[in-house]
Amino acid sequence: MTDETKPRVLILGGVGFVGRNLVHHLVTNNLSSHIRVVDKMIPIISYCGEEHKASLATTEFSQCDLAQDKHVERAFKINDGEQPFDVVINLAAETRFGLEEEMYKLKCLDVSVKVARAALTMGVKKYIEVSHGQVYKSSKTPSTESSTTKPWTKHATYKLQAEVALQSMIAEGLPLVVVRLATVYGKADVNGLMPRVVIAAAYKQMNEKMKFLWGKSLKIATVHVEDVVRALWHLSSDAGKVGSLYNLADKGDTNQGTVCDMLANLFNINVGYHGMLISNAARLNMGYACETANDKHLSPWNDLLRQHDINTNLSPYLDREVLGDKHLSMDGSAIEATGFQYMYPIITEDLLREQVEYAIEQKTFPPVLEKKTVGETKS
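Residues numbered from 1 in each chain as written. Predicted model: local features only at pLDDT ≥ 70, side-chain atom pairs only at ≥ 80, totals over all residues. Heavy atoms only, no water.

Peer 1: Provide a residue-level description of the overall build of the protein chain, including the pertinent values.
Peer 2: The secondary structure content of the protein chain amounts to twelve helices and eleven strands. In summary, the protein chain has a C-alpha radius of gyration of 21 Å against a globular reference of 21 Å for 379 residues, a match within 12%. Buried residues in the protein chain amount to 53% of all 379 residues. When the accessible surface of the protein chain is totalled, it reaches about 16,900 Å², and 50% of it is carbon and sulfur. (Helix = DSSP H or I, 4+ residues; strand = E, 2+ residues; numbered from the N terminus. Rg over C-alpha atoms; globule rule 2.2 N^0.38 Å. Buried < 20%, exposed > 50% of the residue type's maximum accessible area, 1.4 Å probe, protein only. Areas by Shrake-Rupley, 256 points an atom, 1.4 Å probe, with all protein chains shown as cover.)

Next up, the structure:
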C-alpha cells in the first residue's frame, strides 16, 4: 500500500491519554496518509512525553471545542485539493469525575451526536465511537457485549445514550463501530490506575499502611493502552463490521487485590483492607468517606511534589462514583474472533512499574519507586 492509498484519519480528542498513544502508533508504523488531530487542549501544555510530542508534530492539529457547532465544522473541514477523511475515531468526551450532570450531557452525548452527524455528512468509511465498560451493570461475572446495561457513573450514563443515538444513524449510512473500554493503563495514564499509584506514594510518604474499602475481590477490569490503540486501528478496517460492538479488556480478571499487591512491592508499603463494619458505614455515607480519604491523601502528596519540585497533572483524588463498591468486570474476547490478539493479556508489576517510571521521566511523579527486587508482597 502506497502512502497515497493509505487511509486519511481524523482523531477527535487526539491529545488525551488514548489519543496521543493512538497518534504515536499510527505515525511510527506509517499506517495513514494524513492525520488530523482535534482537541481543545494543545500538546505543549498537556504533559506530553517527547515521543508523543514528536508524533503529534507530524500531524495536522486543530484546536477545537467540539461542543460548539462552528468548531465541529472546523474539525471536519476539507482543505482545498484534499480528499475527505476515511476514518473518524471519536475519543472526545468528558472523562473527569465529579462534575455537574449537564457537563456530561454536553461533552459525552451532545458532542458524540454532533460529530457523528458530521462524519455521516462527509461519507466516511468507518466511524469508531469509544465508550466505557461502566455502562454495564456492576457484577463480578465478566460482562459480554450482550450483558445488561446499568451505568454507574454519569460519564457512562451519557456515553450509553450516545451509543443508542448513533446506532439509530446506521440506517442513514453511518459506518459505526462501538468499543467499550475497561480501565486503561500504560504510558501517560492519568485517570485509570494512576490515582491508586499516587495514593500508594502518599502512604509511603506517611509511612502508614495503605488500606482500601471493599476488600481484595472488587473487580477492576484492565486493558493496556497499546492494546486499545491497536484494536481501534484494527476495527477501522474491514475487521470492524458496521453496527458491531466490542469490549476491550484483557484476560487478567484484575481486582483490587491484584493492583494493591503490585503497589505494595513498587513502593515497599504495607497494604490491607477495611473490615465489613467500616465498609458498610462508608456505603451509608459515601460523601463523607470520600472527602475524608481525599483529604488524608492530598497533604502528603503535595509534600512530595514540593520536596521534588514537581508540577503535575496527577492527583490522588478519587470521586465517590469510582470509590464505591461497583465491580467493573468485562469479557474482552469477542474481538479476537476478528483476528485481533492482545499483546498484554494480563497486567503485571513490570507493566505498572513501566508506567510509573515513564511519569518519573516526564517529571510528573516523584522518584520514590523502590528498586526492582524479587520478594513477597507486603501485607
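Peer 1: Provide a residue-level description of helix 1 (residues 17-28), including the pertinent values.
Peer 2: An ideal rise of 1.5 Å per residue puts 16 Å on twelve residues; helix 1 measures up with 17 Å between its terminal C-alpha atoms. Burial of helix 1 is extensive: nine of the twelve residues sit out of reach of the surface. For helix 1, every residue scored as buried is listed here: Phe-17, Val-18, Gly-19, Arg-20, Asn-21, Leu-22, Val-23, His-25 and Leu-26. Packing partners of the buried residues in helix 1 comprise strand 1 (8-12), strand 2 (34-39), helix 2 (50-57), strand 4 (87-90), strand 7 (183-185) and helix 7 (225-235). Of the residues one or two after helix 1, Asn-30 is the one with positive phi, at around 50 degrees. (Expected span 1.5 Å × (residues − 1). Contact = heavy atoms within 4.5 Å.)

Peer 1: Now, about the packing of helix 4 (residues 101-122) against helix 5 (residues 154-167): what can you tell me, with residues and values included?
Peer 2: Direction vectors running N to C along helix 4 and helix 5 enclose 25 degrees, while the axes themselves pass 9 Å from each other. One finds that helix 4 runs roughly parallel with respect to helix 5. Both helix 4 and helix 5 take part in a crossing whose hand is right-handed. Of the residues in helix 5, those in contact with Glu-101, Tyr-104, Lys-105, Cys-108, Leu-109, Ser-112, Val-113 and Ala-116 of helix 4 are Lys-154, His-155, Tyr-158, Lys-159, Gln-161, Ala-162, Ala-165 and Leu-166. The residue inventory of the contact of helix 4 with helix 5, partitioned by class, reads nine nonpolar, three polar and four charged. (Axes fitted to C-alpha atoms, helices over the stretch in contact; angles between N-to-C directions. Parallel < 35°, antiparallel > 145°, perpendicular 65-115°, else oblique. Left-handed = near helix turned anticlockwise from the far one by under 90°. Nonpolar A, V, L, I, M, F, W, Y, C, P; charged D, E, K, R; others polar.)

Peer 1: Could you give me a rundown of the packing of helix 6 (residues 194-206) against helix 10 (residues 286-307), with the residues and numbers involved?
Peer 2: Where helix 6 meets helix 10, the axes come as close as 8 Å, and the angle between the chain directions of the two elements is 80 degrees. With respect to helix 10, the axis of helix 6 lies roughly perpendicular. In this structure, helix 6 uses Val-198, Ile-199, Ala-201, Ala-202, Tyr-203, Gln-205 and Met-206 to contact helix 10, whose residues at the interface are Lys-296, His-297, Pro-300, Trp-301, Asp-303, Leu-304 and Gln-307.

Peer 1: An account of the pairing of strand 5 (residues 126-132) is needed here, citing residue identities and associated values.
Peer 2: The buried fraction of strand 5 amounts to seven of the seven residues, a majority that puts the element mostly inside the structure. Burial along strand 5 is two-sided: Lys-126, Ile-128, Val-130 and His-132 and Tyr-127, Glu-129 and Ser-131, pointing in opposite directions, are all buried. Where strand 4 and strand 5 come together, four bridges link them in parallel fashion. From the neighbouring strand, Val-88 faces strand 5, where its bridge partner is Tyr-127. The parallel pair strand 4 and strand 5, bridged by helix 4, forms a crossover whose chirality is right-handed. As defined by bridge partners, strand 5 adjoins strand 6 (residues 176-181) across six bridges and the pair is classed as parallel. Within the sheet, the bridge partner assigned to Glu-129 lies in strand 6 and is Val-178. Traced from strand 5 through helix 5 to strand 6, the parallel crossover comes out right-handed. (Pairing = 2+ DSSP bridges. Right-handed = clockwise from strand over helix to strand, strands pointing away.)

Peer 1: Tell me what's going on with the pairing of strand 10 (residues 244-248), and back it up with residues and numbers.
Peer 2: Extensive coverage of strand 10 is indicated by the burial of five of its five residues. Here strand 10 shows a buried face lined by Ser-244, Tyr-246 and Leu-248 and a second buried face lined by Leu-245 and Asn-247. Bridge analysis of strand 6 against strand 10 gives five bridges, and the strand direction is parallel. Directly across from Val-177, in strand 10, lies its bridge partner Ser-244.

Function cannot be read off these values alone, since they describe shape.
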